[in-house]
Amino acid sequence: MISRGQAVVLVAGFLVLALVPAAAATLNEPFYLDLFRRIMIFAIAAVSLDLILGYGGMVSFGHAAYLGIGAYAVAVPAFYGIESGLVQWTLAVLASAAAALVIGAVSLRTSGMSFIMITLAFAQMFYYLGISINAWGGDDGMRLARRSRLPALDLADATVFYYVVLAILVGLLWLGHRLVHARFGIVIRATRSNEARMRAIGFSTFRYKLAAFVLAGAGCGLAGALLTNQTDYVTPSYMHWTRSGEIMVMVILGGMGTLVGPVLGAAAYLLLEDVLSAWTVHWQIVLGPLLVLVVLYARRGLYGLLPGSAPRDG
Amino acid sequence: MTALLVAEQCLNGLQLGVMLFLMAAGLTLVFGIMNLVNLAHGSLYMVGAYLATAVFNWSGSFLLGVLFALPATLAIGMLVEVIALRRLYERDHLDQVLATFGLILFFNEAVAIVWGRTALFTRVPRALAGHIMVLPGVRYPAYRAVIILVGLAVALVLYVLVNRTRLGMLIRAGASNRTMVAALGVNIRLLYTLVFGFGAALAALGGLMAGPIYNVQPGMGEEILIQVLVVIVIGGIGSIRGALVGAVVVGMVDTLGRAFLKPLLSTTLGPVAAQSAGPALASMLIYLLMAAVLFFRPRGLFPAVRS
């Protein structure tokens, strides 16, 4: 299951993340708290995408749609006075799962390039929907007056919010680990390798793929709910296709078909963005070619460079 | 009066359609022949628009802008193919999506560095500034009419080129069996580079004609790219005929939807509901169309024959 090298990486990574608030307080740089919380939120989104992208082989180019749906699921109830985090976050998970169910039921009939494009098209539909609903801010989006209220936890406290996000990330990774090694995960991975054979031995691969698609959507919806709390803001641009591209980049950069990879990818991408944008406003001119180089020469992502990361099956 | 309006909007739809076709033709050729998903195709459209507009504004001659932008974008396209994309033909679509996403970031930023982030001002060339009578009583801007004619001419030339010439024969042969064509002594790598450059030039042609009527700014390529992807998916990936039909259908549906959906809805839903639902539905229309087409015909309307 987990090799010794992997365990070291996991523990070290967890310790780094757990110590960020203390370090930020010592250095008197609250900005780092904000940055690392953002990294973890995108890590949640990236891990959820990797479930279908890396393990399931479904190249969904519309994952940002669920990020947006989760974000609106917090901001819209808040707008009408419902501030309970339990209600908002449950709504975020359920609404994005429902959207993923509909999108998946249609998209999974296709494959290859068509699948990429149809998921993209659905995300764009949600993007335009967000733009056109003027009651919810339209193009400009809307402010979140107050972060979600949780029992016994005050998200307005930056450190408390940080640990809530960390706990969710760790919980999700644990769930993901259980899932991909359970029968369900094995069926999903086997379907990626050879769908015809899986069908021939009696599996309804469509149902398994759809279930994975819905789970991934729900996970990303939760990330969206956290993201609104992080930025105190929601705009349709959360659902723009370049955002889907970014989440995909995080997964690939970190290493597809692994659970830790997307977390590394999210950290690398956002830290790189932070460093480069401090250096020049034209940071994307460096990032773009860097991505091309990663695709051409580092196919297994950052995770593949770590010690103890034996190549995965398939 | 309404008939006039409908006629004018139909022409606008056709104009958008041929514009989409210029993009879609290159993209679908590159996909059909090299099996490459090139998201950076929109960037070539943008580069073409910028180069033409810059030369036009500097020299005052639109023609000079066209004559400079077409070969320049062709060269840039071939350069990109040789440096980066050539290595991606054998990779899966995911790698291609990612690498070309990186190229988009690069081109958008490069353009922003040279020309700034604000939209570049340009105008319709003076010779084409007026209106012409297309039908008795229907006046239409001459410039847009020229776009339609150029687009249809390109479609005709492409058809002849691909189906009736030796080069076209090699292209079709390369699409069905790359190894066999190479074994017969054809320099297939050079052929691919040429096809890619040619697609880039077509995208530039679309971009430079779009300059005077849409905004010339960083990111302009992605706005149209997404629509073009819808076009080729509806038309059937790899098929030029499908690209033409898809482009005209998408152009028409999008333009007519934006023009008439709101008044149409207000008769059934009432003006207040139509005010918000109209524009929303109009901008989602082509995506709904695409989802519907893919649902019933997962390979598009004119699936290209592939071995």
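Structure's up top.
Residues numbered from 1 in each chain as written. Chains lettered and ligands numbered in written order. Predicted model: local features only at pLDDT ≥ 70, side-chain atom pairs only at ≥ 80, totals over all residues. Heavy atoms only, no water.

Draft legend 1. Structural view of the interface of chain B and chain A. Residue-level contacts link 42 residues of chain B with 41 residues of chain A. Contact between chain B and chain A buries roughly 3,800 Å² in total, counting both sides, with carbon and sulfur atoms accounting for 81%. Three residues stand out in chain B for area buried against chain A, namely L94(B), L98(B) and F101(B), and they jointly supply 17% of the buried area on that side. On inspection of chain B and its partner chain A, the count reaches 0 salt bridges. Summed over the shared surface of chain B and chain A, the result is 3 residue pairs in polar contact (both at pLDDT 80 or more). The greatest single-element share of the side of chain B that touches chain A, amounting to 16 residues, is contributed by helix α4 (residues 93-115) of chain B. Broken down by class, the residue content of the side of chain B that touches chain A amounts to 32 nonpolar, 4 polar and 6 charged. (Contact = heavy atoms within 4.5 Å. Buried area = accessible area lost by both parts, 1.4 Å probe. Salt bridge = Lys/Arg side-chain N within 4 Å of Asp/Glu carboxyl O. Polar contact = N/O pair within 3.5 Å; in protein donor to acceptor, adjacent residues only side chain to side chain. Helix = DSSP H or I, 4+ residues; strand = E, 2+ residues; numbered from the N terminus. Nonpolar A, V, L, I, M, F, W, Y, C, P; charged D, E, K, R; others polar.)

Draft legend 2. Focus on the environment of M142(A). All names here are of chain A. On the secondary structure map, M142 appears in strand β1 (residues 142-143). Given a relative accessible area of 9%, M142 falls into the buried group. With 66 residues separating them along the chain, M142 and V76 place their C-alpha atoms 8.9 Å apart. Ignoring sequence-local partners within four residues, the contact set of M142 consists of A75, V76, F79, W136, Y233 and V234. (Buried < 20%, exposed > 50% of the residue type's maximum accessible area, 1.4 Å probe, protein only.)

Draft legend 3. How the structure looks around the nonpolar core. Among the nonpolar cores identified, the biggest contains 198 residues, and W89(A), M117(A), F213(A), W241(A), M34(B) and M290(B) are the most heavily contacted of them. Per-element accounting of this core gives the leading share, 17 residues, to helix α2 (residues 30-55) of chain A. Not counting residues within four places of it along the chain, the set of residues in contact with M290(B) comprises M117(A), I118(A), A121(A), V230(B), V233(B) and I234(B). (Core = buried A, V, L, I, M, F, W, Y, C linked by side-chain atoms within 4.5 Å.)

Draft legend 4. Layout of a nonpolar patch on the surface. Residue and element names in this part refer to chain A. On the surface, L10, V11, F14, L15, L19 and V170 cluster together to form a nonpolar patch covering roughly 510 Å² of accessible area. No other element matches helix α1 (residues 4-27), which puts 5 residues into the nonpolar patch. With a relative accessible area of 34%, V170 lands in the partly exposed category. (Patch = residues over 30% accessible without salt bridge, like charges linked within 9 Å, V, L, I, M, F, W, Y side chains within 5 Å. Areas by Shrake-Rupley, 256 points an atom, 1.4 Å probe, with all protein chains shown as cover.)

Draft legend 5. Molecular detail of helix α5 (residues 142-164) of chain B. End to end, α5(B) covers 32 Å across 23 residues, agreeing with the expected 33 Å (1.5 Å per residue, within 8%). Those residues of α5(B) that sit buried are A142(B), Y143(B), A145(B), I147(B), I148(B), G151(B), V154(B), A155(B), L158(B) and V162(B). (Expected span 1.5 Å × (residues − 1).)

Draft legend 6. Spatial organisation of the side chain of E222(B). One can find E222(B) in helix α9 (residues 220-235). One buried charged residue, E222(B), remains without a salt bridge, the closest side chain of opposite sign being R117(B) at 10 Å. A distance of 2.7 Å separates polar atoms of two side chains, one belonging to E222(B) and the other to N108(B). In this structure E222(B) touches W241(A), S43(B), I104(B) and N108(B), once residues within four positions along its chain are discounted. (Lys, Arg positive; Asp, Glu negative; His and termini not counted.)

Draft legend 7. Examining the environment of A203(B) more closely. All names here are of chain B. Mapped onto the secondary structure, A203 falls in helix α8 (residues 188-210). Accessibility expressed as a relative area gives 0% for A203, which makes it buried. On a C-alpha basis, the gap between A203 and N187 in space is 25 Å, while along the polypeptide they are 16 residues apart. Setting aside residues up to four positions removed in sequence, A203 forms contacts with L22, M23, H41, L44 and Y45.

Draft legend 8. Spotlight on the pattern of salt bridges. All names here are of chain A. Applying the stated criterion across every chain, the model contains 10 salt bridges over all chains. Taking the shortest distance from any N to any O, the salt bridge between E83 and R149 comes out at 3.1 Å. Residue E83 is found in the loop between α3 (64-79) and α4 (85-107), and its partner R149 is found in the loop between β1 and α6 (158-181); the two are separated by 66 residues along the sequence. Residue classification places E83 among the partly exposed positions, given a relative accessible area of 22%. You can call R149 partly exposed: its relative accessible area is 43%.

This is a description of form; function is not addressed.
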